[in-house]
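# Summary of the model geometry
The residues making up each chain are set out below.
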Amino acid sequence: MAAKKVLIVYAHQSAGSFSAAAKDAAVKVLTAQGCTVEVSDLYAMKFKATATAEDITGEPKNAEHFRYAEETKLAWEEGKLSADITEEQRKVTEADLIIFQFPMYWFSLPAILKGWFDRVLTLGFAYSHDKRYSHGIFKDKKTVLSFTTGSHESMFSATGINGDMNVTLWPLQNGILHYCGFQVLAPQIFWAPSHVASQARSTMLEEWRKRLPLLLGEEPLTFTPMDCFDVEKGFQLKPEVHEKNATKEFGLTVGIHLGKRLPPNNQMKCGV
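Residues numbered from 1 in each chain as written. Predicted model: local features only at pLDDT ≥ 70, side-chain atom pairs only at ≥ 80, totals over all residues. Heavy atoms only, no water.

For the chain, the helix and strand inventory stands at eight helices and eight strands. Radius of gyration (C-alpha) of the chain: 19 Å, near the 19 Å computed for a compact globule of 272 residues. In terms of its C-alpha atoms, the chain occupies a principal-axis envelope of roughly 55 × 50 × 40 Å. Sorting the 272 residues of the chain into buried and exposed places 46% on the buried side. Across the chain, contacts joining residues at least 24 apart in sequence account for 71% of those joining residues at least 6 apart. On the chain, roughly 13,500 Å² of surface is accessible, and the fraction owed to carbon and sulfur atoms is 54%. (Helix = DSSP H or I, 4+ residues; strand = E, 2+ residues; numbered from the N terminus. Rg over C-alpha atoms; globule rule 2.2 N^0.38 Å. Buried < 20%, exposed > 50% of the residue type's maximum accessible area, 1.4 Å probe, protein only. Contact = heavy atoms within 4.5 Å. Areas by Shrake-Rupley, 256 points an atom, 1.4 Å probe, with all protein chains shown as cover.)

With that settled, consider the environment of T86. Note that T86 resides in helix α4 (residues 83–94). With 33 residues separating them in the primary sequence, T86 and R119 have C-alpha atoms 9.9 Å apart.

F100, L113, W116, F117, L121 and M165 are the most contacted members of the largest nonpolar core, which has 40 residues in total. The residues contacting M165, other than those within four sequence positions of it, are M104, F147, T149, F156, I189, W191 and M268. I8, A22, F190 and L216 belong to the second largest nonpolar core, which has 22 residues in total. (Core = buried A, V, L, I, M, F, W, Y, C linked by side-chain atoms within 4.5 Å.)

Evaluation of the coordinates by the stated rule reveals zero disulfides. No disulfide involves C270; its sulfur sits 17 Å from the nearest other cysteine sulfur, which is in C228. (Disulfide = S-S within 2.5 Å.)

Our focus in this paragraph is the packing of α4 against helix α5 (residues 111–120). Contact geometry of α4 with α5 gives a least axis separation of 10 Å together with a crossing angle of 90 degrees. By the angle between their directions, the pair α4 and α5 is classed as roughly perpendicular. For the pair α4 and α5, the contacting residues are D84, I85, E88, Q89 and V92 in the first and W116, R119 and V120 in the second. Considered class by class, the residues forming the contact of α4 with α5 number four nonpolar, one polar and three charged. (Axes fitted to C-alpha atoms, helices over the stretch in contact; angles between N-to-C directions. Parallel < 35°, antiparallel > 145°, perpendicular 65-115°, else oblique. Nonpolar A, V, L, I, M, F, W, Y, C, P; charged D, E, K, R; others polar.)

As recorded in UniProt, the feature "domain: Flavodoxin-like fold" (unreviewed entry) lies at residues 4–212. Each end of residues 4–212 is marked by a C-alpha atom, and these two atoms are 13 Å apart; helix forms 38% of the span and strand 15%. (UniProt positions renumbered as here; feature names shortened; annotations may be inferred.)

A word on the domain arrangement of the chain. For the chain, the assigned domains read domain 1 (5–219) and domain 2 (222–271). Measuring from the centre of the C-alpha atoms in domain 1 to the corresponding centre in domain 2 gives 25 Å. Between domain 1 and domain 2, the contact holds 19 residues from the first and 15 residues from the second. Summed over both sides, the interface of domain 1 with domain 2 buries roughly 1,400 Å², with 67% coming from carbon and sulfur. Here domain 1 is connected to domain 2 by zero salt bridges. Put simply, domain 1 and domain 2 have seven residue pairs in polar contact (both at pLDDT 80 or more) between them. Element by element, the count of residues in the side of domain 1 that touches domain 2 is highest for helix α6 (residues 165–177), at seven residues. Partitioned by chemical class, the residues of the side of domain 1 that touches domain 2 number 10 nonpolar, seven polar and two charged. (Domains from an automatic or database assignment. Buried area = accessible area lost by both parts, 1.4 Å probe. Salt bridge = Lys/Arg side-chain N within 4 Å of Asp/Glu carboxyl O. Polar contact = N/O pair within 3.5 Å; in protein donor to acceptor, adjacent residues only side chain to side chain.)

Let us now look at the pattern of salt bridges. In this structure the tally under the stated criterion is 17 salt bridges. The shortest N-O distance in the salt bridge between K23 and D24 comes to 2.9 Å. Residue class for K23 comes out buried when judged on its relative accessible area of 15%. For the salt bridge of E94 with R90, the shortest nitrogen-to-oxygen distance reads 2.9 Å. Here R90 and E94 lie together in helix α4, a separation of four residues that amounts to about one turn. One connected set of salt bridges, linked through shared partners, spans K5, E38, E87, R90 and E94.

Next up on the list: the pairing of strand β2 (residues 36–41). Working note: regular strand, side chains alternate between the two faces of the sheet. Inspection of the sheet shows strand β1 (residues 5–10) paired to β2 by six bridges, in the parallel sense. By the bridge assignment, V6 is partnered in β2 with V37. The handedness of the β1 to β2 crossover, carried by helix α1 (residues 18–32), is right-handed. (Pairing = 2+ DSSP bridges. Right-handed = clockwise from strand over helix to strand, strands pointing away.)

This is the structure we're talking about:
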């Protein structure tokens, strides 16, 4: 892997956590590969999670009816975003690969990490009406979710009590990352590390260490391209795409399944 810039956005309160160990492993392995690695330790930074008018320096254009997306777009264009947002946007701009390291909270992200997405991926900087999904701004960058769960893998299966992990991941990987154009790599999921033996945790970390040097060369997950949708009809799937997939066993994606069975693992493994 050629020398690249990597950003790790890390969201855990404890240096003794499994998430910290996974983060430290990534820093060590990728640095040894010649990458420049930068870490945004959100809790250590006391990163503000709430998107508010304080994210703009100076007066908003319309304080009476404050609209965050529009106001931060103007502030981004005029160089008036708060310093913490500007710094994180610099890191994103420079990165070839972004790793998000976190524990899954309530089938989603910790609030501080959700706040990072809310505040850093501003309109104009990360997306626009014309630049999103497969036409997105960050289409030349790769990203991966690396996270721990509190439940075992069997519980996140299609027949498990928590439901299919592929469905759980869809809003995060499609609705945030792919929406901004990122090439989304298969997630690195550490299943219930707090409920397994220490040897199992060691094995999980070793598998992560083996994968890390190969990340930038991995093929991303597959999402339906924007060209398959009719803009004039409210971005509905084009009839010819429906027809082409009519005889197939599975739908196109978790989000667009055409009344068919969900495609297995298409949010968890490349090429399915």
